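Chain by chain, the residues:
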Amino acid sequence: NKDAYSIQTSINRVWHIFQHWDNYNLPNTIKNNKKLFGAYLAGIIDGDGTVKIKNNKDRVIPQYVVKIASDCPLQEIKFLIEKYLNCSVYFEYDSNKKGNGVNTCFYLSKKNIDSVKHIVYPYIVLPHKKERLEKYFRVISEPARIRTGI
């Protein structure tokens, strides 16, 4: 007596991109294309990532950090983030009862805001992550006098 629905998708047209992937080993088409990498990174952030406000009470502009969870350090992703987003990337190691995890992390800043805005943000799908990024864009673009109360 219940209705059932099925959703199906096909990747036949882009299969040549996915067929050789092995746990984040990216094909050259993504490694060598800034926009494709941005879309790929947005997918990772939507799936395994978080966009958090770092709790620094001494800062006028709050720091935002993007963390991507994995079971191992994402070295290739780190290299490409540093290359295309012009920022440093670091790893946070977390050991808990369920196993070991590694977060691949980078901060949003004035240095990388334009790259994030143009190559990653357009492809973010999850509303709460998109809203966090929009909030950061607004905060970073406000004139300094508004932030400092002058």
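Our subject is the structure that appears above.
Residues numbered from 1 in each chain as written. Predicted model: local features only at pLDDT ≥ 70, side-chain atom pairs only at ≥ 80, totals over all residues. Heavy atoms only, no water.

**Quick look at the packing of aromatic side chains**
- Tallying each qualifying case throughout the model produces four aromatic pairs.
- The interplanar angle of 80° and the centroid separation of 5.2 Å between the aromatic rings of tyrosine 121 and phenylalanine 137 together place this pair among those described as edge-to-face. On the criterion of sequence distance, the pair formed by tyrosine 121 in the loop between α5 (113-120) and α6 (127-141) and phenylalanine 137 in helix α6 is long-range, its members being 16 residues apart. Phenylalanine 137 matches tyrosine 121 in its accessibility class, with the two residues each being buried. (Phe/Tyr/Trp six-rings, centres within 6.5 Å; stacked < 30°, edge-to-face > 60°. Helix = DSSP H or I, 4+ residues; strand = E, 2+ residues; numbered from the N terminus. Buried < 20%, exposed > 50% of the residue type's maximum accessible area, 1.4 Å probe, protein only.)

**Some remarks on the nonpolar core**
- In this structure, Phe37, Leu41, Ile77, Ile81, Leu85, Phe106 and Val120 are the most contacted members of the largest nonpolar core, which totals 32 residues.
- Counting only elements with at least two residues in this core, the list comes to α3 (34-48), β2 (64-70), α4 (75-85), β4 (99-108), α5 and α6. (Core = buried A, V, L, I, M, F, W, Y, C linked by side-chain atoms within 4.5 Å.)

**Notes on α3**
- Given a rise of 1.5 Å per residue, 15 residues ought to cover 21 Å, and the 20 Å separating the end C-alpha atoms of α3 matches this to within 8%.
- Of all the positions in α3, only Phe37, Gly38, Tyr40, Leu41, Ala42, Ile44, Ile45 and Asp46 are classed as buried.
- For α3, the N-terminal capping position is held by asparagine 33, with its side-chain oxygen 3.0 Å away from the main-chain nitrogen of lysine 35. (Expected span 1.5 Å × (residues − 1). Polar contact = N/O pair within 3.5 Å; in protein donor to acceptor, adjacent residues only side chain to side chain.)

**Concerning α4**
- Restricting attention to buried positions, one finds in α4 the residues Ile77, Lys78, Leu80, Ile81, Tyr84 and Leu85.
- Backbone geometry just downstream of α4 places asparagine 86 in the positive-phi region, at approximately 55°.

**Observations concerning a positive patch on the surface**
- Positive charge collects at one region of the surface, where Lys52, Arg132, Lys135 and Arg138 lie side by side.
- It is α6 that contributes the most residues to the positive patch, three residues altogether.
- Checked against the element boundaries, arginine 138 lands in helix α6.
- Residue class for arginine 138 comes out exposed when judged on its relative accessible area of 51%. (Patch = residues over 30% accessible without salt bridge, like charges linked within 9 Å, V, L, I, M, F, W, Y side chains within 5 Å. Areas by Shrake-Rupley, 256 points an atom, 1.4 Å probe, with all protein chains shown as cover. Salt bridge = Lys/Arg side-chain N within 4 Å of Asp/Glu carboxyl O. Lys, Arg positive; Asp, Glu negative; His and termini not counted. Charge placed at Lys NZ, Arg CZ, Asp CG, Glu CD.)

**Let's talk about the side chain of asparagine 112**
- With respect to the secondary-structure elements, asparagine 112 resides in the loop between β4 and α5.
- Those residues in contact with asparagine 112, other than ones at most four positions away along the chain, are Leu85, Asn86, Cys87, Phe106 and Tyr107. (Contact = heavy atoms within 4.5 Å.)

**Points about the pattern of salt bridges**
- Going through the model one piece at a time under the given rule, you end up with three salt bridges.
- The partner of glutamate 76 in a salt bridge is lysine 31, with the nearest N and O atoms 2.8 Å apart. Residue glutamate 76 is found in helix α4, and its partner lysine 31 is found in helix α2 (residues 28-31); the two are separated by 45 residues along the sequence.
- With a shortest N-O distance of 3.2 Å, lysine 67 and glutamate 92 are connected by a salt bridge. Of this pair, lysine 67 sits in strand β2 while glutamate 92 sits in strand β3 (residues 90-96); the two residues are 25 residues apart in sequence, bridging distant segments of the chain.

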